[in-house]
Amino acid sequence: MIDRKTPNKTLGESLRDHGLSRRGFLKFCAATASMMALPPGMVPVIAAALEQARRPSVIWLSFQECTGCTESLTRSHAPALEDLILNLISLDYHHTLQAAAGDAAEDARLQAMEANTGQYLVIVDGSIPGPDSNPGFSTVAGRSNYEILMETVEHAAAVIAVGTCAAFGGLPQASPNPTGAMSVMDLVKDKPVINVSGCPPIPMVITGVLAHYLTFGRLPELDAYHRPLAFYGQSIHDRCYRRPFYDKGKFAETFDDEGAKLGWCLYRLGCKGPSTYNACATMRWNGGVSWPIESGHPCLGCSEPSFWDAGSFYQPLSVPLTATSGDLLTAAVGGAVVGAGVATLANKQIKTAVANRQPVTVEELEEKL
Amino acid sequence: MSGSMAFLLWIKGPMFNIALAIFAIGLFARFAEIFLLGRKPNYAEPRAGEWLPGFKTMFTRSIADPGTFQRASFNVVVGWVWHLGFLIALLLFVPHVELMKGLFGIVWPALPNPVVDLITAITLIALVATLVHRLTHPVKQRISTFDDYLVWTVVFLVVLTGYLAYHRLVNPYPIALGMHILMAEIFLIILPFTKLTHIFTAFIARWYNGAAFGRKGVAS
Amino acid sequence: MSGLDPISVIIESNVSCAGMPQDCGNALPILHEIRHALERLISTGEETRIDLNAMPFGPGDLDCLKALLGTGEVHATVEAMGLTLIQETAIPGVWLVDYQNSDARRLTLQIEIASVPEILRPQPLDLAEAINTLDGRLTQSASNRHHSS
Ligand code: SF4
């Protein structure tokens, strides 16, 4: 029987057991600092903390999702996923990655919960049909997502909602939200919830948040949306290398005009960078190769709530969501009709007043005085 | 504030529709009223045409006559500065041009952002100056009504929130942008019911004036 | 041959989507940071590390920075958990340290302002064990010689 208890060895010990030298460990810490978006000056602190850290047990729950978040995570290159799973965490339950199936898989989850009660981390990807929804919309092992989430979270140390679906409801929650999808934050009120939003999130950010918890034994500093400030503290726009063009007022008007070729700002093509908070501009994608704006496409704003319902991806941020010139015309015509009505009424009153006017004599006027 | 995005989406969505509807209904009701009530028929024989002088006056009245300029140079200069600044920021800032394009499908060239930024700053200063003048000038002080202060506040806040949003001085940004759009919506809503209507009626009134003078054969 | 190969791809333009390299716009502030760090190194011996991964670089910015810093005399390689490539720049005391994983993919790229980059120096805990290690080898070779004689 596999021992699901958190291993007693510290991370430093187990890394050395894996044959990692002290220089290797230093490098591991440098990579970890970079991953956590911490300045390299923090490396000694990180090294000291990691030396003492213990691998937490992690249970990964997948609900109404597309597995894109897991796909993203498996492309995390620093540290490589194998390192992450073997060294940083003890991943005890994950549909896509675990070998066990059926009852054995569910048993693994229950055992990990029992052995590490109060200490394990729960990672959730995907949104959850709310308690009032039809439980059949999404089930695992014949039980509703809601039930499994609440059961698993009850004795957890914290919950990490990975991806915009788990963090804010995402695509399943987009209008008209047929499954009554809710975010983890909507449902879990009595445990710390960290949102790692993005569709999918940057892999380094997922591992960075785990590494932070592991290194410092506590959750990172969060923004108003419960997102770690280290990664979501600044907007895309504020760190965008095309920003000088925005400031100068140089914009690409189409995807293939001269401005696009010169790398000008993509605001007019619908860039949501100004209202989107994420780390793409610095951490980039695919191992630092590029990121959407560098590839010539406006930011979609995927790490923000309701991004599917926030209007066209290709309409600038300043364009209203639903109002059209047709609406304006209708309202104008309506207004004109009202005004015409009022004017006709007034005209009629004047006319009747004129028609009914009686001559007044001087005597009558004097009487009134 | 965790609902900042929800706020922005509401401001850009339903609230914008409401504001636009009130604006259009209110404004066109007033237009219809003005045009249908019209003027009393003038039975005197016209001495000259009325259309041309009417149109001419729509523009010539923008320049104050020397007498007015001498009597109220502050009003003329500062008034000009902030009116122009407001119009430039409104019509020639890229996001605003995009808004018009989204709504009406027509585009025109915009000014570079730093230029609009500078003009906006000047407009803000000029607006503050008008308020100080209104509060200190003995005559203006007495003739100012609630309407005047309301309109000043709304206009000032529209420009100020726009300035704050552009410089990202309020966080999170959706709140900054949402506040600016909300102020613009309030501006639209009160426009037909306050002296802001002059944006449109000033030109109608000038036309009537010019036309009446033209008909009588006098220069206006 | 993958199933996609029959689809012919015609490249119509060599322009990159990222836009033209700019005039080093985002690299310049780093140079100023390096300058301050050098002043500190010279006056107080304080070392500085700058994580280039965290910089909002546009296309060409990194190459521009590297070109400005130039290439110095020292190249070094550390083999621990994959390679780490160390390159002295033409500015003494300014090093480029490229940490790679075992698949030769970059983990992070740092500029180190120090006399010797940290990773080249023996680690303090290793150093503390150095005499023991050497003693171990001495006894080993002594006993080897003893056996062979
Ligand atoms: S491309 Fe987008 S994020 Fe970059 S400067 Fe332009 S609007 Fe901002």
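As the structure is a prediction and not an experimental result, all values here were calculated from the model. (Residues numbered from 1 in each chain as written. Chains lettered and ligands numbered in written order. Predicted model: local features only at pLDDT ≥ 70, side-chain atom pairs only at ≥ 80, totals over all residues. Heavy atoms only, no water.)

**So, the side chain of threonine 108 of chain C**
Structurally, threonine 108 of chain C is set in strand S5 (residues 106–113). A polar side-chain atom of threonine 108 of chain C sits 3.4 Å from a polar atom in the side chain of serine 34 of chain A. Those residues in contact with threonine 108 of chain C that lie beyond four places of it in its chain are Ala30, Ala31 and Ser34 of chain A together with Asp51, Asn53, Val97, Asp98 and Tyr99 of chain C. (Helix = DSSP H or I, 4+ residues; strand = E, 2+ residues; numbered from the N terminus. Polar contact = N/O pair within 3.5 Å; in protein donor to acceptor, adjacent residues only side chain to side chain. Contact = heavy atoms within 4.5 Å.)

**Observations regarding the interface of chain A and chain B**
In this complex, chain A contributes 43 residues to the contact, which on the side of chain B involves 39 residues. Together, the buried faces of chain A and chain B total about 3,500 Å²; carbon and sulfur atoms form 66% of this surface. Contact with chain B buries area across many residues of chain A, yet Tyr225, Arg268 and Leu328 of chain A alone supply 15% of it, more than any other trio. Between chain A and chain B we count 2 salt bridges in total. Note that aspartate 238 of chain A is salt-bridged to arginine 168 of chain B, the shortest N-O span being 2.9 Å. Run the count over chain A and chain B and you get 15 residue pairs in polar contact (both at pLDDT 80 or more). Within the residue set of the side of chain A that touches chain B, elements represented by two or more residues are helix H13 (236–239), helix H14 (243–248) and helix H17 (325–355) of chain A. Tallying contributions element by element places H17 of chain A first for the side of chain A that touches chain B, with 13 residues. Taken together, the residues that form the side of chain A that touches chain B break down as 24 nonpolar, 13 polar and 6 charged. (Buried area = accessible area lost by both parts, 1.4 Å probe. Salt bridge = Lys/Arg side-chain N within 4 Å of Asp/Glu carboxyl O. Nonpolar A, V, L, I, M, F, W, Y, C, P; charged D, E, K, R; others polar.)

**What about the confidence of the model for chain A?**
All names here are of chain A. Averaged over all residues, the pLDDT of chain A is 86; the fraction at 70 or higher stands at 94%. When mean pLDDT is taken per element in chain A, strand S4 (residues 128–129) scores highest with 96 and helix H5 (residues 81–88) scores lowest with 57. A low-confidence stretch, residues 1–6 (pLDDT under 50), is modelled with 14 contacts involving residues beyond four sequence positions or located in other chains. (pLDDT = per-residue confidence, 0-100.)

**Details of the site of the ligand**
Residues and elements named next belong to chain A. Around the ligand sit 13 residues, and of these His237, Cys240, Cys265, Leu266 and Cys271 come closest. Among the elements of the structure, H13 and H14 are those that each provide at least two residues to the shell around the ligand. Tallied by class, residues from the shell around the ligand come to 9 nonpolar, 2 polar and 2 charged. (Near = heavy atom within 4 Å.)

**Observations concerning the pairing of strand S3 (residues 83–88) of chain C**
All names here are of chain C. Relative to S3, strand S2 (residues 75–79) is paired through 5 bridges, and the arrangement is antiparallel. If you follow threonine 77 over to S3, its bridge partner there is leucine 85. Linking S2 back to S3 in an antiparallel pair, the connection comprises 3 residues, with methionine 81 at a positive phi of about 50 degrees. One ladder, built from 5 bridges, connects S3 with strand S4 (residues 94–100); its direction is antiparallel. (Pairing = 2+ DSSP bridges.)

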